[in-house]
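# Per-entry structural report
Here are the chains, one letter per residue:
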Amino acid sequence: MEDGRKIFHGEIGIEDGKIIYVKEGQSGNSTGEGALCGREGGCPGMRNAQGTGAAWDEEIDAKGNLIMPGFKNAHTHSPMTFLRSYADDMKLQEWLFDKVFPAEAKLTGDDIYWLTKLAVMEYLTSGTTAVFDMYKLKKDSARAAEETGFRMVFCGDMNDFGGTVEEMEQDYLAYNKDPDSLLSYQIGFHAEYTTSREHMEQIAALAGKYEAPVCVHCSETKKEVEECRERSGMTPVAYMDFLGLFHNGGCLFHGVHMDDGDFDIIKKRGISVVTNPASNLKLASGIAPVKRYLDMGIPVAIGTDGPASNNCLDMFREMFLVTGLQKVVCDDPEAVPAMDVLKMSAVNGAHAMGLTDCDTLAEGKRADLIMLDLMQPNMQPLHNIEKNIVYSGSKQNVKMTVINGKVVYRDGEFFIGESPETIYRNADRISERILG
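Criteria and thresholds
Residues numbered from 1 in each chain as written. Predicted model: local features only at pLDDT ≥ 70, side-chain atom pairs only at ≥ 80, totals over all residues. Heavy atoms only, no water. Helix = DSSP H or I, 4+ residues; strand = E, 2+ residues; numbered from the N terminus. Rg over C-alpha atoms; globule rule 2.2 N^0.38 Å. Buried < 20%, exposed > 50% of the residue type's maximum accessible area, 1.4 Å probe, protein only. Contact = heavy atoms within 4.5 Å. Areas by Shrake-Rupley, 256 points an atom, 1.4 Å probe, with all protein chains shown as cover. Lys, Arg positive; Asp, Glu negative; His and termini not counted. Charge placed at Lys NZ, Arg CZ, Asp CG, Glu CD. Arc of directions from axis to C-beta. Axes fitted to C-alpha atoms, helices over the stretch in contact; angles between N-to-C directions. Parallel < 35°, antiparallel > 145°, perpendicular 65-115°, else oblique. Left-handed = near helix turned anticlockwise from the far one by under 90°. Patch = residues over 30% accessible without salt bridge, like charges linked within 9 Å, V, L, I, M, F, W, Y side chains within 5 Å. Salt bridge = Lys/Arg side-chain N within 4 Å of Asp/Glu carboxyl O.

The subject of this paragraph is the overall build of the chain. Along the backbone of the chain there are 14 helices and 18 strands. Relative to its length of 436 residues, the chain is compact, with a C-alpha radius of gyration of 21 Å against a globular reference of 22 Å. In terms of overall dimensions, the chain has a C-alpha envelope of 65 × 50 × 40 Å along the principal axes. Counting the 436 residues in the chain, one finds 58% classified as buried. Restricting to contacts in the chain with at least 6 residues of sequence separation, those with at least 24 account for 70%. Only carbon and sulfur atoms are counted for the fraction: they give 49% of the accessible area of the chain, which is about 17300 Å². On the chain, the mean spot of the 44 positive side-chain charges and the mean spot of the 66 negative ones are 1 Å from each other.

Below is the structure:
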């Protein structure tokens, strides 16, 4: 994923959760087709960080499969797994206010804990090594993420129905104090249409205090944009910028309905846009102008949105939709090529989430990576691996997921400290209690 670097045969050394070397050329494993070497010592022909030739704790022969940075799901709502396929085929505003919000009001901290674990399992099976998660009761999601060994970036979710700026500041400081933690936090709020001007001005002041970006749902539907114009005389992007929310950059989730001035503001402020094509299609919200963003040099990342609106957490499906939809709406089969989409899913997602040390496989970066099985019918022949991943790849190709140097999923088995059966049983219990 590094600029100018193509796929190559070689090996990667990992120690204490970080990549300590990336070596091109034939490795010393049985096939010469690539290897992962874990924690300490050295693969044949290499030396460890201490300069000794001790054996590694584990050496994994990739056997000709692909090792790449993990996908970053840059917009999701993990605990909403309990709402999967509960309220579908509805308009966004009715779906949100009549079905989602009333059900969410019944959630407890213990519910959040188990529902987040269910989401983590699904993330791992689709090669996702980190998510940008917007939800309430973050301490319970944090406990689930830490116990499963999953990397999670929290996004502030304040709105007029819950949360305060004081709580947001506490979370910002608490989750960002340890740079080696699996957990971190970005300032954010739900949306312009659920948050008063007074609250948005308070959030802008907080972001200014820490020179921090602000992340928010924005311009997802025409209705949202039209009503904001009626209230403020401006689009959501222009109004929130007017209030000072984007003076230190930010991240817009969805970004579907934009006018020319919005693009200029986004470019000027260095804002990232996270596109969520499956959710936007299912809710008939529209198709984001991804090609125009890219043509203007605006960074675009990819998210699934939550399992209540998608309804799955599968980055492969999102990648195909990102490029396929742009080719149609732009009437251009060359629009948004596969390599651009791969970068969106891994590199751009990491940057939008503040995970600049998790974006590529390079010395000193976090060892968040996946192994994709190329010995599957949908990956053969190997004319172009990048295009195979985007155009024909699927979750069946995820052979292994590694986070912070630890294998958390391999060949259909989870290593997350909890049995799948226990997680499924608790998710069913929660769903039955709340939804009946």
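Next up on the list: helix H6 (residues 222-232). Turning to H6, its buried residues number three or more, namely Glu224, Val225 and Cys228. Looking straight down H6, one finds that the buried residues subtend no more than 95° of arc, so they occupy a single side. Looking at H6, the residues exposed on the side facing more than 90 degrees away from the buried face are Lys222 and Glu230. Residues of H6 that are buried in the fold lie against strand S11 (214-218) and helix H7 (236-242). Phi turns positive one or two residues past the end of H6, at Gly233, with a value near 80°.

Any two packed helices are characterised by the angle at which their axes cross and by the distance between the axes. At a minimum axis separation of 8 Å, helix H2 (residues 109-125) and helix H3 (residues 138-148) run at an interaxial angle of 40°. By the angle class used here, H2 and H3 are oblique. Judged by the sense of rotation from one axis to the other, the crossing of H2 with H3 is right-handed. Touching Gly109, Ile112, Tyr113, Thr116, Lys117 and Val120 of H2 are Asp140, Ser141, Arg143, Ala144, Glu147 and Thr148, all from H3.

Along the chain, Asn310 connects to Asn311 via a cis peptide bond; the corresponding omega equals 15°. Within the fold, Asn311 resides in the loop between strand S14 (300-302) and helix H11 (315-329). Look at the link from Gln380 to Pro381: it is a cis peptide, with omega at -10°. You will see that Val336, though not glycine, has its phi angle at about 50°, which is positive. In this structure Val336 comes out as buried when scored by relative accessible area, which is 4%.

What follows is about a nonpolar patch on the surface. Taken together, Leu281, Ile287, Val328 and Val329 make up a surface patch of nonpolar side chains, about 330 Å² in accessible area. Its location among the elements puts Ile287 in the loop between helix H9 (277-282) and helix H10 (290-295).

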